[in-house]
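# Examining the three-dimensional arrangement
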Amino acid sequence: MRVLNAAEDHFITESADVPDERRLIAKTVYLAVNDAPENYKEITAEEAERIRKIQEAAMPKLPEEP
């Protein structure tokens, strides 16, 4: 099994041009048989936080509990 682990204070994301709303952000990625390390890149924690805020804003809001 091939595994990618991000360096300290970094995260892993796709190297392809993926919209931030759909972008993977992870500390560890387990590669599938047909996947390659070149499909991923490391980003800083600051960049990961920027993407997470975009993803959070794009999520539908749940109705409040009565």
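Above: the structure in question.
Below: a short report on this structure. Bear in mind that the values here come from a model prediction, so they are computed numbers and not experimental data.

What counts and what doesn't
- Residues numbered from 1 in each chain as written.
- Predicted model: local features only at pLDDT ≥ 70, side-chain atom pairs only at ≥ 80, totals over all residues.
- Heavy atoms only, no water.
- Helix = DSSP H or I, 4+ residues; strand = E, 2+ residues; numbered from the N terminus.
- Rg over C-alpha atoms; globule rule 2.2 N^0.38 Å.
- Contact = heavy atoms within 4.5 Å.
- Lys, Arg positive; Asp, Glu negative; His and termini not counted.
- Charge placed at Lys NZ, Arg CZ, Asp CG, Glu CD.

With that out of the way, let us pick up the overall build of the protein. What the protein contains, in helices and strands, is one helix and four strands. Reading the helices (α) and strands (β) of the protein from amino to carboxyl end gives β-β-β-β-α. Relative to the compact-globule value of 11 Å for 66 residues, the protein shows a C-alpha radius of gyration of 14 Å, a clear excess of over 25%. Seen through its principal axes, the protein has C-alpha atoms that stretch 45 × 25 × 20 Å. Once local pairs closer than 6 in sequence are excluded, the contacts in the protein between residues at least 24 apart make up 63%. Positive and negative side-chain charges in the protein, numbering 9 and 15 respectively, have mean positions lying 2 Å apart.

By themselves, these figures tell us nothing about what the structure is for.
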